[in-house]
Every structure is written in structure tokens, then in C-alpha cells.
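# Structure at a glance
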Amino acid sequence: MREQSPLALRTASSTLATSQWRAARATNHLLVLALVTVFSHAPQASASFPPPPHTLWELAHEAQLIVWAEVESVSERPRLLEGLGYDASVTLEVRETWKGSVRTGARIETFILSGGPCATNVQVGLTVVALLNKENGQWLPTWPFCGTRFPGSDSDVEAYRRVITAARQALDRWIQARLAGEAPDFEKAHWDWRVLAAVHPVTRWDGVSGLGSEEFDVARSFYNPRASPDDTARVQGYREELARDIVAYPSFDLTFALMLKLLRGLPNKDVDRVVANVLETVATEKPPPDWAIIAFDLLRERLGENHGSRPSRLHPHGKSSDAIEAGVAQVFVREWPDFKQRHGLKPQPIQPPAK
């Protein structure tokens, strides 16, 4: 039995998750089958394939066209495509092409699904990073959910440009090595890319997604900080870089707690300082975000304190999940001032990035 390429395996996983969406994309399947035929002894992909939405690692490999563009016009009414509700039919004016051959200034008509975790208000003048495939003459998002990204600054654009280019180059190097009869370590290339993506908050989710993130899924378990043995072993060589990333660019979402999880057991006073500053920033929110409560427990651990596990929100023992969440948030708000005093912390609030 022939081994499949990492790209083919990732596309196969996408097919299982979105059979209706993929059914209309026979052209891409032919390309994948061609890769499978050529590269009959490729390394196996990791079994812990990230669940949808796909990361930029997968999307950059699957997309036929990737552009940074500006929304020139938006349709007045939503359209339906293959049973998926698209909130906007848009015309994009291309600023830069990162994959494909569309010229700068060209117009592209496509759709943007503004529901799901990457939702935004689609309007004229908005800049987007669109990852697209052409089906029956129409440009469509490579992945319906989070297949379009929305940079909010020049720094965001540069981060997207950097990680998308790196993902493409990693696959190109792997292909060239396979053609030369070599056996490159594609998983190592993926891990190098993860660390690169983790540098900037706007691409951090793409870097840390799948690294035990299911243990922080608030819909499944409120707090379970244990990493898998494989993730723990593989991340060791990258922890100093990840520590520098979180200090230079702290994020204000679940990826912040995920980064701290990957840094468990690594002493670093700069990391401790930044965590305290981030928690000070969000401690007055009502209620504080779930990820901040997790980060608080990880900071307590970093400073040598023991803490009990948080109750599962799936098994509330007679209480509603909302009640448990509210109770845990109250504990954090109540304990934070005493914790600061106990450790002599004088954190300074940080201005969170604009949403």
C-alpha cells in the first residue's frame, strides 16, 4: 500500500469533515491524486490533524490563489452556495498576489462567509487575505470557515504574508527533495512553521492549534493542563523562541493560555511579568474571559503555588455550566489582589490590540 503525501492526507481529512463542500471540487482531487501517484513514499502526517477550521498551513497548500485585496463592492443580498449561507458576494481589488498569477489591480468576484469563528463585518474598504479555488469559473473560498482572513494593521498583513509564504516554501522544498529521491522530514518543517506562526497574535492560533488545545476547549473541560507526551517532547527545542514571542506580542485570547501551557516548567521572569500584566488588564472585565482564568492558574503554578483542578462544565453536579463559570470567575476576581500582594507583583495594564 502506498503512503500518501502530507498534503494528500490533510486533504483527505478535510474531505471527511466537509464531504458536501468537497464534492464540488473534483479538480482539486485530481491534483491531489497526482501528488499521491508521484510521491509514493512520502512521510505520514501526524495523527492529531487539527479540526476545522483549517490553519493557514493547510489552506496555503490547498488554495490555488492567495491574494491580499481590498473589498471594492458588496452585494445587497446574501447568496446561497451548496447549502451554505454566504452573507456577502464581494468584488475584491487585488493589492498583492501571494500565490497564483492574478495581477495587481485585478478584480475578483467571490463570496465571504461571515459566520463562525472568523466572523467580521464585510464592508467596502475592508482589506482581506483571500485563499481561493476556482470551481466552474467562480472563485470560492478554499475553506468556508476562516478561509478568508481580515488583517487589521500593516503588522497583521506582514504576519499573514510571512507565514503563508513559509508554508508554500516548505511544501515546495519537500516536493523538490522527493523528486531528488530524498526523504525530508515534513513534520519537522511543520513544527518550524508552527513556531514562526506563533510569533504574531494574528497567526498564533494557526501555530498552536492542535497542540493539546482540546484540553482547553471550554465546551468540553474547563481546565485540564496536561499536555500529550508527544507534544511535550517535540516542543522542547522551541520553548525559548515561544517565550520570546509571548513576551514581545502578548495575545488576548485562548492562544495566550495555550502558549503558557507549552511553556510549563520553563522558568522565565519576563514571561511571568507579561502574564501578570495581561491578567491585570482583563481582571476588571465582567466576567473575566475563560482563558484569563486558565492563565491565572498557570501563573500560580509558575510561581510555585498549588491549585485545585477546575470543575468540569460537562459534569456540573447539579449546577448549570453558566453557574460554574460565574463561580470560577468570582474566585479569580477575589484571589487576584491577594495573589499580587503575596508575590510582590505590580503589574501594569496593557493596551489590547484592536478587535
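The rules behind these values
- Residues numbered from 1 in each chain as written.
- Predicted model: local features only at pLDDT ≥ 70, side-chain atom pairs only at ≥ 80, totals over all residues.
- Heavy atoms only, no water.
- pLDDT = per-residue confidence, 0-100.
- Helix = DSSP H or I, 4+ residues; strand = E, 2+ residues; numbered from the N terminus.
- Contact = heavy atoms within 4.5 Å.
- Phe/Tyr/Trp six-rings, centres within 6.5 Å; stacked < 30°, edge-to-face > 60°.
- Buried < 20%, exposed > 50% of the residue type's maximum accessible area, 1.4 Å probe, protein only.
- Axes fitted to C-alpha atoms, helices over the stretch in contact; angles between N-to-C directions.
- Parallel < 35°, antiparallel > 145°, perpendicular 65-115°, else oblique.
- Nonpolar A, V, L, I, M, F, W, Y, C, P; charged D, E, K, R; others polar.

### Looking at the confidence of the model for the chain
For the chain, per-residue confidence averages 75 on the pLDDT scale, and residues scoring 70 or more make up 66% of the total. The least confident element of the chain is helix 3 (residues 26-38), whose mean pLDDT is 33; the most confident is helix 11 (residues 269-282), at 96. Confidence drops under a pLDDT of 50 for residues 1-52, and excluding neighbours within four residues, the segment shows 88 contacts in the predicted structure. Note that residues 309-321 has pLDDT below 50 and, in this model, 24 contacts with residues that lie over four places away or in other chains.

### Here we look at the packing of aromatic side chains
Counted under the stated rule, the structure contains 11 aromatic pairs. Measuring from ring centre to ring centre gives 5.9 Å for Trp 191 and Tyr 238, while their planes differ by 25°; the resulting arrangement is stacked. One end of the pair, Trp 191, is in helix 6 (residues 186-198); the other, Tyr 238, is in the loop between helix 8 (229-235) and helix 9 (239-248), and 47 residues separate them in sequence. Judged by its relative accessible area of 4%, Trp 191 is buried. Between Phe 296 and Trp 336, the aromatic rings sit 5.7 Å apart at their centres with planes inclined by 85°, giving edge-to-face as the arrangement. One end of the pair, Phe 296, is in helix 12 (residues 290-302); the other, Trp 336, is in helix 13 (residues 321-342), with 40 residues separating them in the sequence. Taking relative accessible area as the criterion, Phe 296 reaches 1% and is therefore assigned buried. On the accessibility criterion, Trp 336 (3% relative accessible area) is buried.

### Notes on the packing of helix 5 (residues 154-179) against helix 6
Helices that pack against each other are described as a pair by the angle of their axes relative to one another and the distance between those axes. Two elements in contact, helix 5 and helix 6, have axes separated by 10 Å at closest approach and are oriented at 170°. Between helix 5 and helix 6, the crossing angle belongs to the class labelled roughly antiparallel. In this structure, helix 5 contributes Arg 162, Val 163, Ala 166, Ala 167, Ala 170, Leu 171 and Trp 174 to the contact, and helix 6 contributes Phe 186, Ala 189, Trp 193, Leu 196 and Ala 197. Taken together, the residues of the contact of helix 5 with helix 6 sort by class into 11 nonpolar, no polar and one charged.

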